[in-house]
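One letter stands for each residue in the lines below.
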Amino acid sequence: MIASVVTIAGCATVAADTDYGKETIAMLKADFKSKGPATMERLLNQDEAQQLCSEYPTDVPKDKAAALEASQLKLVKYPADGKYLGDWKEGEKIAQNGRGMQSSDAVGSVNGGNCYACHQIGKAEISFGNIGPSLYQYGKIRGQSEDMLKYTWAKIYNAQAFTACSNMPRFGHNGILQEKQIKDVMALLLDPASPVNK
């Protein structure tokens, strides 16, 4: 049975196949008014990953997790020009910025990544979350091989390609960050000149 309500990347998503789910959807439709990027469609329409994570909110069976990860990896769009790194200074701004996809935002406005909400990244920032692993010295430790560039890009683009039902937003897949923004965050993590790697 699918859980009635599950949170996906900071957005409550509702499954409609239970009485509670049907009542919840009716209430949302009556009371919630789409405004800006915060739309009823975004709230209610689940993709394959969200449906599976609703069905198994705490423990996805290994075979289903592996199948989901494989399908999500196929959805990753790598940079059109083959270049992975942008400007780390812009990447720091994106990592610090928590704005985006709220009802008060204009449709099409630029979103932030809010990376520090879950990760330690730079040593200068003393306020950060710990839901995700520390990314401090990410590039210094891991290097810049082609495999590492592709892995890091795919993880930012669609984290569920590696961890089914990950709490990390699918930044590229869901259109939260644009390609240039992902390149800038990549540079923050991997550029040897970035303070993250000092």
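None of the values given here were measured: they were computed from a predicted structure. (Residues numbered from 1 in each chain as written. Predicted model: local features only at pLDDT ≥ 70, side-chain atom pairs only at ≥ 80, totals over all residues. Heavy atoms only, no water.)

## Points about the overall build of the chain
Secondary structure assignment for the chain yields eight helices and two strands. Counting across all 198 residues of the chain, residues that qualify as buried make up 43%. For the chain, the proportion of contacts with a sequence separation of at least 24, taken over those separated by at least 6, is 57%. For the chain, the exposed surface amounts to about 10800 Å²; the carbon and sulfur share of it is 54%. (Helix = DSSP H or I, 4+ residues; strand = E, 2+ residues; numbered from the N terminus. Buried < 20%, exposed > 50% of the residue type's maximum accessible area, 1.4 Å probe, protein only. Contact = heavy atoms within 4.5 Å. Areas by Shrake-Rupley, 256 points an atom, 1.4 Å probe, with all protein chains shown as cover.)

## Describing the side chain of Gln-160
As for its placement among the helices and strands, Gln-160 is situated in the loop between helix 7 (146-157) and helix 8 (179-190). Within the structure, Gln-160 has its side chain in polar contact with the backbone nitrogen of Cys-165 (distance 3.1 Å). Contacts of Gln-160, omitting those with residues within four sequence positions, involve Ala-49, Cys-53, Leu-68, Glu-69, Gln-72, Cys-165, Ser-166 and Arg-170. (Polar contact = N/O pair within 3.5 Å; in protein donor to acceptor, adjacent residues only side chain to side chain.)

## Section: the confidence of the model for the chain
The share of residues in the chain with pLDDT of 70 or more is 90%, and the mean pLDDT across the chain is 89. Every residue in residues 1-12 scores below 50 in pLDDT, and together they form 34 contacts with partners more than four places removed in sequence or on other chains. (pLDDT = per-residue confidence, 0-100.)

## Considering helix 3 (residues 48-55)
Within the span of helix 3, buried status applies to Ala-49, Gln-50, Leu-52, Cys-53 and Ser-54. The backbone nitrogen of Ala-49 has a side-chain oxygen 3.1 Å away, supplied by the residue at the start of helix 3, namely Asp-47.

## What about unusual backbone geometry?
Phi angles above zero are rare outside glycine, and Met-101 is one such case at about 65°. Checked against the element boundaries, Met-101 lands in the loop between helix 5 (88-96) and helix 6 (138-142). The phi torsion at Cys-165 lies on the positive side, around 65°, for a residue other than glycine. Positionally, Cys-165 belongs in the loop between helix 7 and helix 8.

## Notes on the nonpolar core
Membership of the largest hydrophobic core comes to 26 residues, with the highest contact counts inside it found for Ile-121, Trp-153, Ile-156, Ile-182, Met-186, Leu-189 and Leu-190. Counting residues per element, the ones that place at least two in this core are helix 5, helix 7 and helix 8. The contact partners of Ile-121, leaving out residues within four places of it in the chain, are Ala-95, Cys-115, Tyr-116, Leu-135, Tyr-136, Leu-188, Leu-189 and Val-196. One finds Ala-49, Ala-65, Leu-68 and Ala-164 within the second-largest nonpolar core, a separate group that totals six residues. (Core = buried A, V, L, I, M, F, W, Y, C linked by side-chain atoms within 4.5 Å.)

## Quick notes on the state of the cysteines
Applying the stated rule across the entire model yields one disulfide. Linked covalently through their sulfurs, Cys-53 and Cys-165 form a disulfide whose S-S length is 1.9 Å. What sets the handedness of the Cys-53 and Cys-165 disulfide is the S-S torsion sign, and at about -100° it is left-handed. With Cys-53 in helix 3 and Cys-165 in the loop between helix 7 and helix 8, the pair connects residues that are 112 residues apart, well separated along the chain. Overall, the relative accessible area of 5% leaves Cys-53 in the buried class. Classification of Cys-165 by relative accessible area gives partly exposed; the value is 22%. (Disulfide = S-S within 2.5 Å.)

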